[in-house]
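# Architecture at a glance
One letter stands for each residue in the lines below.
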Amino acid sequence: MTVLLEVKNLTRIFGSLRAVNGVNFTIREGELVGLIGPNGAGKSTLYNLIAGAIRPTAGAIVLNGMEVTGWKPYRAAKAGVARTFQIPKPYRNLNVIDNVVVSALMHHRSVAEARAAAEGILVDFGLSDYLESPIGVLTVGLLKRLEVARAVALQPRLVLFDEIMAGLTPSEVRSMTSLVASLPGRGITVIWVEHVLYAIMNTVRRIMVMHRGQLIADDAPEKIAKDPTVIKAYFGEEMPVA
Amino acid sequence: MTACIALVVIGPSQHMLDVILLSFMWAGLALAWNIAGGYAGLISLGHAAFFGIGAYTSSILTVKAGVTPWIGMWVGAVAAAVIGAILTLICARLRGPFFILSTLAAAEVVRIGALNWTSVTGGAEGLMILPTPSAMNMVFGSKTTYAMLMLIYMVVTYVVTKAIEGSRYGYYLFAIRDDEEAASAAGVNPLLARTGAMCTSAFLTAIGGSLFAQYFLFLDPTNVISPELSFQFALIPALGGLGTAIGPVLGAFVITPLSELLRSYFGGGAAGLHLAIYGAVLIIVMLYFPSGISGALMRHLTWKGDSAR
Amino acid sequence: MVAMTTIGQLVFSGLLIGSIYALMSMGLTLIFGVLRVVNFAHGEFLMFAMYGAWAFVTYTGFNAYVACLAVVPAMLLYGALIHWIIIRPGLNKPHLVVVFATMGLSILMQNLALLVFSADLFDVPPLNAGRSITIGPFYAKLELLIGFGVTLLATAVIHVVLKSTYLGKAIRATVQDGEAAQLMGIPVPRIFLITFSAGSALVGLSACVMIPLFSVFPSVGLNFVLIAFVVVVLGGMGSLEGALLGGICIGVVQSLSGYYVAPAYGQMFFFILFLLVMVFRPAGLMGRRGEATLGMLD
């Protein structure tokens, strides 16, 4: 499989805090990769760097062989990087379908075409009952689905999911998981930050673990679950019980 | 539409015609402001500067260079658009009240500049256009003709507004207005979108300024580039309903006749009462009907979940 | 040598008038820092207070500084009233609601004043028969010097309150993070009320200091509110020291440019200064970096 994303020695410093510290990894096309780590590990900062929301202090990001380090978010989006936000950011004065139309317009010239495409995506994502609804009526679960729909509507090469399971009921988690799992089949490579571990542990074949700005593990889920460094990061040192 | 034409044709007294004419003009101006303020979220309290640039440019060209306003107004409009672009670029990183205050400051710079550049603008004494009727010079003897002119202006700005509203550019404007970060992540270039909106708005506002100059035939900076006028540009769409095409029109048709009415009722005896009422109404509307008159109407007519874009 | 004294005098006068501009703007910056709203009727608050001071002086015969005793509490109450009926309902709505509502308030207040007082300019008699007193090589009107003193005193008092009292700490906490403050048990709505009222009281104080120097008329607020905005932005919204610094800068710039360039252009200078600040350091001299780009916390 071809290499889609290379992150080389990526670093971002805020004052005295090394939020992202020399991170290296490669993502291949069609992969479905999980990214986990305790709070404050730097996952959101990493996303912001890749998506162009902030500039790195050092290091490089290469997408499809192209240097995209420091690109503005809209350029990154046009180059094929889509992302969701941890707290959904819908366009509050537009209705549901219009929210997706904005994204769909990237690859559809006319508004009519974009609308048709948006409708298609929303139906796929189980939001067909809410096409003309205002944003205010959507529950958290539906809002998160809308976030995913908007990202997919960009027809991206790479999508960065940011905790899309938080606040969902178990059945919602199940349907969202199968949705995400279907994306590589649609040609979309996925990086998936998640705290709801049971959702991704059984779905992905590769997990990266971040802690204190660094990548401390990058392996299959079974190995990660037993990795002592990972366990220490989440739970701390084992305390001897006398 | 037909009602408007009927209004103009039937147009009883000269005074009524005045009010109707001004309503058309304000509707056009409000629509122009709305493209930046309501659609793109760029709330400007300095739009009188664009109005003034349009008015003064075409008038100066007429008076000093004999250029007909039919051409001069386009020059003014382009000038205003350029200034609008510069302003947007300067204020590129500013949001919220910082942006609003910057527009105020910029307009004041333009006003004071116009006030003191007496050689060109005539300063505080003002600039006068010869009132001899001549279609070539856009000076008309009959108010009805002016009213038709303003009506055309209103219709054109309405058409432009609607065209933007339904276009991909319109969607992008609403997106950056509602959530700029999310819009960027969706591939929208915020600076380009904002600049385009401000330029279009400035362009249309300046045309209105030129038309006004041809109607009023006298300009001076204090009346044509004042903060009070700038506030009016923002208040009418706000009252009528930001972010919709019909809102500014409703606002203009309610406010203009109303202030005329209040002025004639109370103006003589108690100067300022009509404005005091206006101010109080504004407070109440903003607090309890933030989507303005059009929003309140829409809720009454209960149209199915239509987004008040 | 003569030029030096002239510049010196201009800077000195600028310093004094600037301090008064600062006093006038402190309420605005405090209100913005805590409530994150811009009160577009700020100038009209000043106008009302100036009328109040004028009335006090005219009908009791005491000077404007004694008028503080009446005007400051009155403005405190008025601020509380306006906060209650206008600001509070607008807080959870999109910020343009407060912008337009306070604009409406500004129009209402201006025209009420017009109705009650007419458009004539009102003055109070100057102290010291209008003559200036000498301080070293410079001269200044007594009212300006008193104004400067009042400003320094007020700044010091507020500074102490903010640093040392519980209320002050609560206010600073709310400025930094309203949500966290509320979670910590700070009664944020009450802090909002107190801040808005206190800000209005400050406006009352500055009105008393200003009425001996400026005439009052219904639209006087507009001139001053623009100055206040520039001061606040220059100094950094929410920063008291910034307001003082900003005010002095504006005063000096106006003084110098008014003398060396035409007085009319003097006004234009500080709008240009404002725009320059917006381009290069939008958070102001003392503001926190990035604050302006966040704008309002919607």
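Structure report, in brief. (Residues numbered from 1 in each chain as written. Chains lettered and ligands numbered in written order. Predicted model: local features only at pLDDT ≥ 70, side-chain atom pairs only at ≥ 80, totals over all residues. Heavy atoms only, no water.)

### Observations regarding the overall build of chain C
If you tally the helices and strands in chain C, you get 12 helices and 2 strands. Ordering the α and β elements of chain C from the N terminus gives α-α-α-α-β-β-α-α-α-α-α-α-α-α. Its C-alpha atoms put chain C at 60 × 45 × 35 Å along the principal axes. Put simply, chain C has 298 residues, and 54% of those count as buried. Within chain C, contacts between residues at least 6 apart in sequence are counted, and of these 77% link residues at least 24 apart. Put simply, chain C shows about 12,300 Å² of open surface, and 71% of that area lies on carbon and sulfur atoms. Side-chain charges in chain C split into 12 positive and 9 negative, and the spacing between the mean points of these groups amounts to 9 Å. (Helix = DSSP H or I, 4+ residues; strand = E, 2+ residues; numbered from the N terminus. Buried < 20%, exposed > 50% of the residue type's maximum accessible area, 1.4 Å probe, protein only. Contact = heavy atoms within 4.5 Å. Areas by Shrake-Rupley, 256 points an atom, 1.4 Å probe, with all protein chains shown as cover. Lys, Arg positive; Asp, Glu negative; His and termini not counted. Charge placed at Lys NZ, Arg CZ, Asp CG, Glu CD.)

### A closer look at helix 6 (residues 166-176) of chain C
Residue and element names in this part refer to chain C. The complete set of buried residues in helix 6 reads G168, A170, I171 and T174. On an axial view of helix 6, the arc spanned by its buried residues comes to 160°, and they lie on one face. Looking at helix 6, the residues exposed on the side facing more than 90 degrees away from the buried face are Y166 and Q176. (Arc of directions from axis to C-beta.)

### Remarks on a nonpolar patch on the surface
Residue and element names in this part refer to chain C. A surface patch of nonpolar side chains, amounting to about 520 Å² of accessible area, comprises I7, V11, Y259, Y260, V261 and F269. Elements that contribute at least two residues to the nonpolar patch include exactly helix 1 (2-35) and helix 10 (240-260). With respect to the helices and strands, I7 occurs in helix 1. (Patch = residues over 30% accessible without salt bridge, like charges linked within 9 Å, V, L, I, M, F, W, Y side chains within 5 Å. Salt bridge = Lys/Arg side-chain N within 4 Å of Asp/Glu carboxyl O.)

### Thoughts on the sheet that holds strand 10 (residues 214-219) of chain A
All names here are of chain A. Reading across the sheet, the 6 strands line up as 6-7-8-3-9-10 and stay open at both edges, with mixed pairing between neighbours. The sheet is open, and its two borders are formed by strand 6 (81-83) and strand 10, each paired with just one other strand. Strand-to-strand twist across the sheet, computed as the mean angle between neighbouring axes with direction ignored, equals 20°. Pairing of strand 9 (residues 206-211) with strand 10 involves 5 bridges; the strand directions are antiparallel. By the bridge assignment, V209 is partnered in strand 10 with A217. (Pairing = 2+ DSSP bridges. Axes fitted to C-alpha atoms, helices over the stretch in contact; angles between N-to-C directions.)

### Quick word on empty space enclosed by the protein
For the structure shown, the criterion picks out 5 cavities of 30 Å³ or more. In this structure, the largest cavity encloses a volume near 100 Å³. In terms of lining, the largest cavity is formed by R83, F85, Y91, S103, E147, R150, A151 and L154 of chain A together with A182, A185 and A186 of chain B. Mapped by element, the contributors of at least two residues to the lining of the largest cavity are helix 5 (140-153) of chain A together with helix 9 (180-185) of chain B. Element by element, the count of residues in the lining of the largest cavity is highest for helix 5 of chain A, at 3 residues. Here the lining of the largest cavity is built from residues that sort into 7 nonpolar, 1 polar and 3 charged. Around the second largest cavity, the lining residues are L104 and F231 of chain B together with F40, E44, M103, S106, L222, V225, L226 and F229 of chain C. Where the lining of the second largest cavity is concerned, the elements lending two or more residues are helix 4 (95-117) and helix 9 (220-235) of chain C. Per-element tally for the lining of the second largest cavity: the top contributor is helix 9 of chain C, with 4 residues. Of the residues belonging to the lining of the second largest cavity, the class tally is 8 nonpolar, 1 polar and 1 charged. (1 Å grid on protein atoms, 1.4 Å probe; cavity = no way out; pocket = protein on both sides within 12 Å on 5 of 7 lines; lining within 4 Å. Points joined across faces, edges and corners; volume = space filled by probe spheres on them. Nonpolar A, V, L, I, M, F, W, Y, C, P; charged D, E, K, R; others polar.)

### Focus: the packing of aromatic side chains
Note on aromatic pairs: each is described by the distance of the centres and the angle between the planes. Overall, the coordinates contain 20 aromatic pairs over all chains when judged by the stated rule. Ring centres 5.8 Å apart and planes at 65° place the aromatic pair F24 of chain B and F253 of chain B in the edge-to-face group. Within this pair, whereas F24 of chain B is found in helix 2 (residues 14-39), its partner F253 of chain B is found in helix 13 (residues 246-266), the two being separated by 229 residues in sequence. Among the residues examined, F24 of chain B registers a relative accessible area of 0% and is labelled buried. Assessed through its relative accessible area of 26%, F253 of chain B is described here as partly exposed. Measuring from centroid to centroid gives 5.0 Å for F214 of chain C and F224 of chain C, while their planes differ by 75°, and the two rings are edge-to-face. Of this pair, F214 of chain C sits in the loop between helix 8 (188-210) and helix 9 while F224 of chain C sits in helix 9, and the two are 10 residues apart along the sequence. Through a chain of ring-to-ring contacts, the aromatic side chains of W26, F51, F212, F216 and F233 of chain B assemble into a single cluster. Across the ring face of F85 of chain A, the terminal group of K89 of chain A is positioned such that the distance to the ring centre comes to 5.4 Å. Cation over ring: R150 of chain A sits above Y91 of chain A, and NZ or CZ is 4.7 Å from the ring centre. (Phe/Tyr/Trp six-rings, centres within 6.5 Å; stacked < 30°, edge-to-face > 60°. Lys NZ or Arg CZ within 6 Å of the ring centre and 35° of its normal.)

### Some points on the interface of chain B and chain A
With 25 residues of chain B in contact, the opposing surface of chain A contributes 26 residues. Buried surface at the junction of chain B and chain A, both sides included, amounts to about 2,100 Å², of which 58% is carbon and sulfur. Three residues stand out in chain B for area buried against chain A, namely R168, Y171 and D178 of chain B, and they jointly supply 30% of the buried area on that side. Applying the counting criterion to the chain B and chain A interface returns 10 residue pairs in polar contact (both at pLDDT 80 or more). Mapped onto the side of chain B that touches chain A, the elements with two or more residues apiece are helix 8 (168-178) and helix 9 of chain B. Here the element with the most residues in the side of chain B that touches chain A is helix 8 of chain B; it accounts for 7 residues. Classifying every residue of the side of chain B that touches chain A by side-chain character gives 11 nonpolar, 7 polar and 7 charged. (Buried area = accessible area lost by both parts, 1.4 Å probe. Polar contact = N/O pair within 3.5 Å; in protein donor to acceptor, adjacent residues only side chain to side chain.)

### Some details on the interface of chain B and chain C
A common measure of how large an interface is: the accessible area buried when the components associate. At the junction of the two partners, chain B supplies 44 residues and chain C supplies 45 residues. Of all residues in chain B, F98, L101 and L287 of chain B give up the largest surface area on contact with chain C, accounting jointly for 18% of the area buried on that side. Taken together, the links from chain B to chain C amount to 0 salt bridges. Our enumeration of links across chain B and chain C arrives at 1 residue pair in polar contact (both at pLDDT 80 or more).

### Points about the side chain of T157 of chain B
Along the chain, T157 of chain B falls in helix 7 (residues 143-165). Once you skip the residues sitting within four places of it in the chain, T157 of chain B turns out to touch G28, L31 and L204 of chain B.

### Topic: the sheet that holds strand 4 (residues 58-63) of chain A
Residue and element names in this part refer to chain A. Strand order in the open sheet made by the 4 strands is 2-1-4-5, with antiparallel pairing throughout. Each of the sheet's edge strands pairs with one partner strand only, and the pair in question is strand 2 (17-28) and strand 5 (66-67). Where strand 1 (residues 3-14) and strand 4 come together, 5 bridges link them in antiparallel fashion. Each bridged residue has a counterpart across the sheet, and for T11 the counterpart in strand 4 is A58.

### Some points on the side chain of T189 of chain A
Residue and element names in this part refer to chain A. Summarising the element assignment, T189 is placed in strand 8 (residues 189-193). The class for T189 is buried, based on a relative accessible area of 1%. A distance of 3.0 Å separates the side chain of T189 from the backbone nitrogen of G30, its partner in a polar contact. Not counting the four nearest positions on each side in its chain, T189 is found in contact with L4, I27, R28, E29, G30, E31, R157, L158 and V159.

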